[in-house]
Amino acid sequence: MICGLKEIRFAAILLYQPHHQGNMAFAGKYEFEGDENYDDFVHKIGLPSDKIEMGRNCKIVTEVVQNGNDFTWTQHFPGGRTTTNTFTIGKEADMETMGGKKFKATVKMEDGKIVADFPNYHHTAEICGGKLVETSIASGVAYKRTSKRIA
């Protein structure tokens, strides 16, 4: 016997979940491992010199809690300072830059990458080979930060 219309609708609703990743690919704790183009990038975005020095080769620990499309993304800096952004894929959220500037953004998921437009740069984050790889682009300069999974 063929399924009834109710069963087909129910199955379709279960299968269709927009933006859902099906796994918790980003969840974990990551420690800074290396970066590329730091100086060029931070000068392009106008970061003050005190923040530039503070961020150079900084052993940032990034902690990501993911529950479906809901994320809490926390960066722990040496000395006890933390920055936390909480967002849901596809919904506008209050965010904060690494320089402390507050803004609103809609974070998207594109081809398994988290994508967000910050006030003066475009940011993506993805998991490659078990590492968190973040790329920020401003005025043609790409800054890449790689962090290894520690938990």
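Presented here is an overview of the structure given in this document. Within each chain, residues carry numbers counting from 1 in the order of the written sequence. In view of the model being predicted, local features appear only for residues whose pLDDT reaches at least 70, and side-chain atom pairs are presented and counted only at 80 or more, with totals across whole chains, interfaces and linings using the full set of residues. Remark: hydrogens and water are excluded; side-chain values derive from all non-hydrogen atoms of the structure.

## Some points on the overall build of the chain
Then, in step 1: We count a stretch as a helix when DSSP gives it H or I for four or more residues in a row; a strand needs E for two or more, and each element gets its number in order from the N terminus. Within the chain, the secondary structure is distributed over 3 helices and 11 strands.
Then, in step 2: Secondary structure of the chain in N-to-C order comes out as α-β-α-α-β-β-β-β-β-β-β-β-β-β.
Then, in step 3: Each residue gets one of three labels from its accessible area relative to the maximum for its type: buried under 20%, exposed over 50%, partly exposed in between, using a 1.4 Å probe on protein chains only. Buried residues in the chain amount to 36% of all 151 residues.
Then, in step 4: Using a 1.4 Å probe, the Shrake-Rupley method yields the accessible areas, and only the shown protein chains count as cover for residues. About 8,900 Å² of surface is accessible on the chain, with carbon and sulfur atoms providing 54% of the total.

## A few points about the pattern of salt bridges
Then, in step 1: For salt bridges, the criterion is a side-chain nitrogen of Lys or Arg within 4 Å of an Asp or Glu carboxyl oxygen. Taken as a whole and assessed by the stated rule, the structure comprises 6 salt bridges.
Then, in step 2: The salt bridge partner of E33 is K131, with a shortest N-O separation of 2.8 Å. Remark: K131 occurs in strand 10 (residues 131-138) and E33 occurs in strand 1 (residues 28-36); sequence separation between them is 98 residues.
Then, in step 3: Look at E33 and you get partly exposed, because its relative accessible area is 37%.
Then, in step 4: For R145, the salt bridge identified is with E134, shortest N-O distance 3.2 Å. Of the two residues, R145 is situated in strand 11 (residues 141-149) and E134 in strand 10; the sequence distance between them amounts to 11 residues. Exposure class is identical for R145 and E134. Each is buried.

## Focus: the sheet that holds strand 11
Then, in step 1: Across the sheet, which stays open at both edges, the 9 strands sit in the order 4-3-2-1-11-10-9-8-7 with antiparallel pairing between neighbours. Looking at strand neighbours, the two that pair on one side only are strand 4 (82-88) and strand 7 (108-110), the edges of this open sheet. Pairs of neighbouring strands in the sheet enclose a mean axial angle of 25 degrees, with direction left out of account.
Then, in step 2: Only when DSSP finds a minimum of two bridges between them are two strands counted as paired. When strand 1 meets strand 2 (residues 61-67), the two strands line up antiparallel, connected through 4 bridges. Following the sheet pairing, G28 is matched in strand 2 by V64. Note on method: axes are straight lines fitted to C-alpha atoms, helices fitted across the in-contact stretch only, with angles between N-to-C directions ranging 0 to 180 degrees.

## What about the nonpolar core?
Then, in step 1: Residues enter a nonpolar core if they are buried and are Ala, Val, Leu, Ile, Met, Phe, Trp, Tyr or Cys, with the set joined through side-chain atoms within 4.5 Å. Ranked by size, the top nonpolar core spans 28 residues in total, and within it F26, F41, F71, W73, F87, M95 and I114 carry the most contacts.
Then, in step 2: In this analysis, two residues are considered to be in contact whenever any of their non-hydrogen atoms come within 4.5 Å of each other. Not counting residues within four places of it along the chain, the set of residues in contact with F87 comprises N69, D70, F71, W73, A93, M95, V107 and I114.

## Topic: the pairing of strand 11
Then, in step 1: Inspection of the sheet shows strand 1 paired to strand 11 by 6 bridges, in the antiparallel sense. By the bridge assignment, Y30 is partnered in strand 11 with R149.
Then, in step 2: Summarising the sheet, strand 10 and strand 11 pair through 7 bridges and their orientation is antiparallel. Its bridge partner being in strand 11, L132 is matched across the sheet by S147.
Then, in step 3: Once strand 10 ends, the chain turns through 2 residues before running back antiparallel as strand 11, passing S139 with a positive phi of about 45 degrees.

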